[in-house]
Protein chains: 2
Amino acid sequence: MNTDKLLMLFDEAGEQFLSGESISRELGVSRTAVWKSIHKLQEQGYSFEASRKLGYRITGRPDPLEASVLENLLETKTFGRKLVVLQKVDSTQNIAQQLAQQGAEEGTLVIAEQQLSGRGRMGRGWVSPFGKGIWMSMVLRPLLPVASAPQLTLLTAVALCRSLRAETGLDIGIKWPNDLLIAGRKISGILLESAAEDERLSYVVAGIGISVNLAESDYPEELLERAVSLRLAAGREFSRTRLTASFLRDWEALYHLYLEEGFAPIRSLWEALSVSLNHRTTLRTPQGVLEGTPIGLHETGAIMVEFEDGTLRPLYSAEMGEPAST
Amino acid sequence: MNTDKLLMLFDEAGEQFLSGESISRELGVSRTAVWKSIHKLQEQGYSFEASRKLGYRITGRPDPLEASVLENLLETKTFGRKLVVLQKVDSTQNIAQQLAQQGAEEGTLVIAEQQLSGRGRMGRGWVSPFGKGIWMSMVLRPLLPVASAPQLTLLTAVALCRSLRAETGLDIGIKWPNDLLIAGRKISGILLESAAEDERLSYVVAGIGISVNLAESDYPEELLERAVSLRLAAGREFSRTRLTASFLRDWEALYHLYLEEGFAPIRSLWEALSVSLNHRTTLRTPQGVLEGTPIGLHETGAIMVEFEDGTLRPLYSAEMGEPAST
């Protein structure tokens, strides 16, 4: 018996139970064949709730990070084509950093089921439970001046935002410079670490964390107000391999657009997706906390901020607070 | 007997021999006391040529890299105040990189008598024989956007050039971005490796190599046309600890000027010392080889180049050839 037809039945049934009898009738097979097929699916990573009265319903689908599965889905030329798939790591970023230092080529991707000490911006941690998200880091080697690093950060945020919007249908926006938010709650973090020699970039390690299928119980309580997963926002699970392949395709395309056309198109795309613009906010800079209204991107990738005295200045490095009014 | 007085006699005599008899007369001590003092100086690292007929002359002075000596000479607040003095290392840059990654504070300085595989720009090597030069790397942690890295490179070249000009009286100029030249031959190399997190510098490791007391025989033959030491250019030796202390003082002062006043004063100082401006030259960029006339610095630290068609463009990353005409 073909398990695909059985899966289609369960897909249609959604949260509902299907009795063994109705399945055997629908597919024209014996009750024993149904039972065998369910057993087969369990071996593939599906899980079922079985009720003597009601029958079966699916409670979990397999979504392992398998190199062969991801490779089959890839539509890229270089991004992800050198693939390191791991189970538990301290941080994919640390591993990709080591690979970059050892000369790993552009597109080398480290992706793991779980990070034990995932790293976020400003030395913060990043919640990365097993099998629930996309925790990955990729090596880039653009022949660019060091000043391009902030533009690569913004480019990555744009690619991820566009890709996730298309895949999930969720209303995802970008908070400067590179946090992705759904209704003010963070679903993704991006951290670009770059190494430069004098005026030239040597390599960039782009770390990306996407909270895909996390449940509320996966978050520390104090984070729930500020964080959310795609699953919690959409009410359904997503395939991590599919999201990853789709993002890598969009990211690579945008990267080449940037290398050929410069920052102008990226800037327009970023501004269109931004939720940071035209709201008064606090800006924590290394020189102190300022208050102002971000109104757009500077051509360097800095954020242009209008201050109370009417002056307009680019801020190169700041952490944005919540908007004072939305 | 005080060896200082004896050293003053030898200083006055220069290359001339001093007979034991003349020394004993001049200082009013016995010939045996003279002999004992010379022996004492030998133990301190001085070397002498002894001639039965002519007497003694100094052929070498001690110039060890001793932490205590260098610390006594330092006039800085932070630069060099955490001091790691080593004998033979692969590369001071590698060691300082490790220290930076482990959180070493600003001003942490690694200096060595010899580098076995000193590193220059673009993955090139750097000749670093034992005791003959200043081979050092220092950690900086400026609270600056990543785009400042090229400006720090230029700042370091300006500080080193001004310091060496003052200490040696030699006519030293800067070739863009950060090579120091005497009459077209390189006496010093600077390599700034920076690490950034998104738009913000995490740390910079500034590597500086100064060919102080190298003899012709210290260079591979193919380098002699393009390289020279302070000693070969000036005809005398220099104290490495003194040059180092003087440079660290000037560098720290210029660094603080930059943090307070921005790049404008550094740019003026760089342009005044540059030997790269207003000569037609080749410019090897990641995108290909161009020909043009550098006419000044851009406010970002890029070099402004006038091309044949009259256009003026900043180049952020290029390797300059020899001037087509000087």
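Before reading on, note that the structure itself is shown above.
Residues numbered from 1 in each chain as written. Chains lettered and ligands numbered in written order. Predicted model: local features only at pLDDT ≥ 70, side-chain atom pairs only at ≥ 80, totals over all residues. Heavy atoms only, no water.

Asker: How do you make sense of the interface of chain B and chain A when you look at a structure like this?
Answerer: As a measure of interface size, the accessible area lost when the parts come together is often cited. Across the boundary between the two partners, chain B contributes 31 residues, which contact 31 residues of chain A. Both faces considered, chain B and chain A share a buried interface measuring about 2400 Å² in area, 48% of it formed by carbon and sulfur atoms. By the criterion of area lost to chain A, the three top residues of chain B are B:D198, B:E199 and B:R200, representing 28% of everything that side buries. Across the contact surface, chain B and chain A share zero salt bridges. Joining chain B to chain A, the criterion identifies 10 residue pairs in polar contact (both at pLDDT 80 or more). When contributions to the side of chain B that touches chain A are tallied by element, the ones reaching two or more residues are α6 (149–168) and β10 (185–197) of chain B. The biggest single contributor to the side of chain B that touches chain A is β10(B), with eight residues. Note that strand β10 (residues 185–197) of chain A and β10(B) share five bridges and pair antiparallel. Among the inter-strand pairings, A:S194 is bridged to a residue of β10(B), identified as B:A196. (Contact = heavy atoms within 4.5 Å. Buried area = accessible area lost by both parts, 1.4 Å probe. Salt bridge = Lys/Arg side-chain N within 4 Å of Asp/Glu carboxyl O. Polar contact = N/O pair within 3.5 Å; in protein donor to acceptor, adjacent residues only side chain to side chain. Helix = DSSP H or I, 4+ residues; strand = E, 2+ residues; numbered from the N terminus. Pairing = 2+ DSSP bridges.)

Asker: Would you explain the relation of the copies chain B and chain A in this entry?
Answerer: In the superposition of chain B on chain A (RMSD 0.1 Å, axial shift 0.0 Å), the rotation amounts to 180°. In symmetry terms, the pair is related by a two-fold rotation axis. (Least-squares fit on C-alpha atoms with pLDDT ≥ 70 in both.)

Asker: Explanation requested: the packing of aromatic side chains in the structure shown.
Answerer: In this description, a pair of aromatic rings is defined by centroid distance and the angle of the planes. All names here are of chain A. Inspection of the entire model under this criterion finds eight aromatic pairs over all chains. With a centroid separation of 5.4 Å and 50° between ring planes, the pair formed by F79 and Y255 is classed as tilted. Taken together, the positions of F79 in the loop between α4 (67–73) and β3 (82–89) and Y255 in helix α8 (residues 240–261) put the pair 176 residues apart, joining distant regions of the chain. Accessibility classification places F79 together with Y255 in one group, the buried group. (Phe/Tyr/Trp six-rings, centres within 6.5 Å; stacked < 30°, edge-to-face > 60°. Buried < 20%, exposed > 50% of the residue type's maximum accessible area, 1.4 Å probe, protein only.)

Asker: Would you take a moment to explain the pattern of salt bridges for this structure?
Answerer: Side-chain pairs of opposite charge can arise where the charged atoms are in close proximity. All names here are of chain A. By the definition in use, this model includes 30 salt bridges over all chains. As a salt-bridge pair, E105 and K82 come within 3.8 Å of each other at their nearest N and O atoms. With E105 in the loop between α5 (92–101) and β4 (108–115) and K82 in strand β3, this pair connects stretches of sequence that are 23 residues apart. The partner of E319 in a salt bridge is R124, with the nearest N and O atoms 2.6 Å apart. Of this pair, E319 sits in strand β16 (residues 319–323) while R124 sits in the loop between β5 (118–119) and β6 (125–126), placing them 195 residues apart in sequence. A relative accessible area of 24% means that E319 is categorised as partly exposed. Judged by relative accessible area, R124 falls into the partly exposed class, the value being 42%. Through salt bridges with shared partners, a single network forms among E75, R249 and D250.

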